[in-house]
Amino acid sequence: MFHKSKLMFWTSEVLLLTIIFFIWRQMGDMITPIVSVVNTILIPFLVGGFLYYITNPLVKFLQEKLKINRMIGILITLSLLFGLIALGVIYLLPILINQLSSLINSTQGLYWEIQSFVNQLSKNPLFRNLNIQSTIQQLNLSYVDILQNILNSVTNSLGSVLSAVVNTLMILIMTPIFLVYFLMDGHKLLPMLERTVLKRDKLNISSLLTNLNATVARYISGISIDALIIGALAYIGYSVIGLKYALVFAIFSSLANLIPYVGPSIGLIPMVITYAFTDPQKMVAALIYMLIIQQVDGNILYPRIVGGVMKVHPITIMVLLLLSSNIYGVLGMIVAIPTYSILKEIAKFLANLYDNHKEAQQQKKNEEFGIINK
């Protein structure tokens, strides 16, 4: 029935995901300590794995094409990676900090621009009956109040801030360690399994693992290249248009592009909010430019770079993004689609095994029935 009706299949899939999420939320208090411990290891593990799939192609190229010893290739690759990070810290970080500081300082002006816009809107005959100004006064919102609330929140959650700093340091320390181990031994894992656990692999699990690894590798390397291209094009376009915080917006767009389906739209939000009231013309120009870039990316770049390796229905993508963002935030949104695709392929593999087993049993019964009749 599920194979014949796509609507039934996708509906059941969405319902199953929702039920799993509901159960997860209900168990929140019970599993919070476990999740906290797992997160300490999981995040650097995922980041290390992400970097592994980005850097491993270069290591393989050095090893297979240039005949360089793998260990030396790993050292060269890591040197290039950390060199690029160092260059980014030296040259880009000061610009980024300067633009971020300027952007934060400009929020006060943005606040007054919004308030002025609301005041003008309240004088419009169409909105006069809404009494917008009175509503704002009742809310008692002011720039000072907003800053005070933020300050109080930060002060009250000082322990959380310290915890976040410690967790960040752990991630920064553990991620390179995971990356080094992945580069050194990651390629040995499947052969080791084939020699031991999968020595008598009658179910062809080895082929499944190989395909999954290739799929994940292509997806991660593909979206990373795509995100870099989008970030570079965004920076060029924003700079030409004359946006003051071009680097900040470009980096945000690049990172947001890692989120499937809705990422490109999310990447435009800071730029739109910043310039909607201060310089609408530049905002419209930048918006049109980025929409053109997104169309080029969606129709030309992304299909060629990433391809259709993660075939997931758009509705399922939206549900996954909503649920994963509630559990693991932005990181959850990034890893939700590949994780789901892997689990889906495993489920399909198991379903095929079950179908093959049923067919074999049925064939055996038919053969036995034929022998009895003879």
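Residues numbered from 1 in each chain as written. Predicted model: local features only at pLDDT ≥ 70, side-chain atom pairs only at ≥ 80, totals over all residues. Heavy atoms only, no water.

If you check an unreviewed UniProt entry, the protein chain appears there as ATP synthase F0, A subunit from Streptococcus sanguinis SK353. Checking UniProt for the protein chain, the heading Sequence similarities (unreviewed entry) contains the comment "Belongs to the autoinducer-2 exporter (AI-2E) (TC 2.A.86) family." (UniProt positions renumbered as here; feature names shortened; annotations may be inferred.)

## Here we look at helix 13 (residues 280-305)
If you look at helix 13, its biggest bend is around 50°, right at D297. Of all the residues in helix 13, the buried ones are M283, A286, M290, I293, Q294 and D297. Tucked into the core, helix 13 has its buried residues touching helix 9 (205-241), helix 10 (246-256), helix 11 (263-266) and helix 12 (269-275). (Bend = angle between axes of the 7 residues up to and from the residue. Helix = DSSP H or I, 4+ residues; strand = E, 2+ residues; numbered from the N terminus. Buried < 20%, exposed > 50% of the residue type's maximum accessible area, 1.4 Å probe, protein only. Contact = heavy atoms within 4.5 Å.)

## Notes on the packing of aromatic side chains
Across all of its chains, the model carries eight aromatic pairs by this definition. Their ring planes at 25° and their centres at 6.0 Å tell us that F178 and F182 sit as a pair that is stacked. Of this pair, F178 and F182 both sit in helix 7 (residues 158-185), four residues apart, roughly one helical turn. Look at F182 and you get buried, because its relative accessible area is 19%. An aromatic cluster is defined as three or more aromatic residues linked by ring pairs; in this entry it consists of F45, Y52, Y53, F178 and F182. (Phe/Tyr/Trp six-rings, centres within 6.5 Å; stacked < 30°, edge-to-face > 60°.)

## Some details on the pattern of salt bridges
A full pass over the atoms with the stated rule returns three salt bridges. A salt bridge links D185 to K188; the nearest nitrogen and oxygen atoms lie 3.5 Å apart. Of the residues examined, K188 reaches a relative accessible area of 45% and is grouped as partly exposed. As a salt-bridge pair, K348 and E345 come within 3.6 Å of each other at their nearest N and O atoms. Taken as a pair, K348 and E345 lie in helix 14 (residues 314-373) at a separation of three residues, close to a single helical turn. Given a relative accessible area of 43%, K348 falls into the partly exposed group. A relative accessible area of 35% means that E345 is categorised as partly exposed. (Salt bridge = Lys/Arg side-chain N within 4 Å of Asp/Glu carboxyl O.)

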